[in-house]
Amino acid sequence: MPSMTGGGRPEPYDPVRTPTSDMGVLAETFWRLPGVLRGDHPSSTFAAVGRFAERIVAPQPLSPPHGLDSPIGRVYELGGSVLLLGVGHDANTTMHLVEDLAGVPYRGEHWALVSHGDGVRKVTISEPDHCCQGFDAADDWLGDAQRLGTVGNAQARLFSAADLVRVGVPRVTADPTVLLCRQGSGCMECDVAHASIVSTG
Ligand SMILES: [Zn+2]
């Protein structure tokens with residue numbers, strides 16, 4: 001379950017204290033449940049329960065937060081599935097794994113505070129960053145590989161992470177900015193992503 005704090009907070013990340021940010025009531029409730037483990041990434045945090053929980057939320061590199069060596073990458077390598085519960089693919093973090101595997105050229109940076117010995121350290125996290133509306137393309141890309149249904153009042157989408165990687169990586173490799181809004185179309189976040197390509201060559 002995503003348990004992101006978003007970083008940029010005035011106090012260092014603490015897995016048993018720091019609330020989620022902009023994740024909704026399910027994610028905020030989940031990590032506080034008994035038996036749930038929460039990872040140590042100070043912004044792109046995940047929480048997990050069950051047989052593979054310890055492996056999924058084991059320590060990971062700060063950057064990129066959603067590569068193969070991350071909770072998202074580990075779920076993919078374990079043959080896991082993704083359930084989008086009441087959200088669309090714009091909230092599908094496994095699309096960041098697709099971007100990482102395809103080697104997209106855009107990057108954004110944000111910071112977070114972490115505890116370091118007796119003190120506090122400011123760290124920079126670098127990752128493909130944008131508005132993520134373009135992730136909605138995954139509805140078409142997955143086609144019949146995605147099951148649609150309802151859970152309570154929520155629209156739900158279920159698919160295997162392997163299927164998403166299989167249909168997504170070739171498309172993003174062929175067109176590395178396919179997931180961004182068109183440059184100058186009014187999306188500031190995607191304009192910044194486009195600009196990061198120019199500035200990093
Ligand atoms: Zn955009």
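Above this text is the structure in question.
Chemist: Would you mind going over the coordination of the zinc ion in detail, with residue names and values included?
Modeler: The coordination sphere of the zinc ion contains the protein donors Cys131 (SG), Cys181 (SG), Cys187 (SG) and Cys190 (SG), at a distance range of 2.2 to 2.3 Å. Bound by 4 donor atoms, the zinc ion shows angles of 106 to 117° at the metal and therefore tetrahedral coordination geometry.

Chemist: Explain the pairing of strand E5 (residues 119-127) residue by residue, including any values.
Modeler: As defined by bridge partners, strand E4 (residues 108-116) adjoins E5 across 9 bridges and the pair is classed as antiparallel. Counted as the bridge partner of serine 115 is valine 120 from E5.

Chemist: Before we move on, could you go through the pairing of strand E6 (residues 147-151) and cite the residues and values that matter?
Modeler: In terms of residue burial, E6 counts as a barely covered element, since only 0 of its 5 residues are buried. Hairpin connection between E6 and strand E7 (residues 154-160): a loop of 2 residues separates the two successive antiparallel strands, and glycine 152 in this loop has a positive phi of roughly 60°.

Chemist: An account of the environment of valine 16 is requested, with residue identities and associated values reported.
Modeler: Relative to the helices and strands, valine 16 is located in the segment before helix H1 (25-30). When its relative accessible area of 63% is taken as the criterion, valine 16 is described as exposed.

Chemist: Can you break down the sheet that holds strand E3 (residues 81-85) residue by residue, with the values?
Modeler: Pairing is antiparallel in the open sheet, where 3 strands are placed in the order E3-E7-E6. Among the strands making up the open sheet, the edge pair consists of E3 and E6. Neighbouring strand axes in the sheet, compared pairwise and without regard to direction, differ in orientation by 25° on average. Of the pairings in the sheet, the one linking E3 to E7 comprises 5 bridges and is antiparallel in character. Paired with serine 81 across the bridge in E7 is serine 160.

Criteria and thresholds
- Residues numbered from 1 in each chain as written.
- Predicted model: local features only at pLDDT ≥ 70, side-chain atom pairs only at ≥ 80, totals over all residues.
- Heavy atoms only, no water.
- Donors = N, O, S within 2.8 Å, 3.2 Å for Na, K, Ca; no water.
- Tetrahedral: all angles 85-135°; square planar, octahedral: opposite > 155°, others 65-115°.
- Pairing = 2+ DSSP bridges.
- Helix = DSSP H or I, 4+ residues; strand = E, 2+ residues; numbered from the N terminus.
- Buried < 20%, exposed > 50% of the residue type's maximum accessible area, 1.4 Å probe, protein only.
- Axes fitted to C-alpha atoms, helices over the stretch in contact; angles between N-to-C directions.

Purely spatial values, then, with no claim about function.
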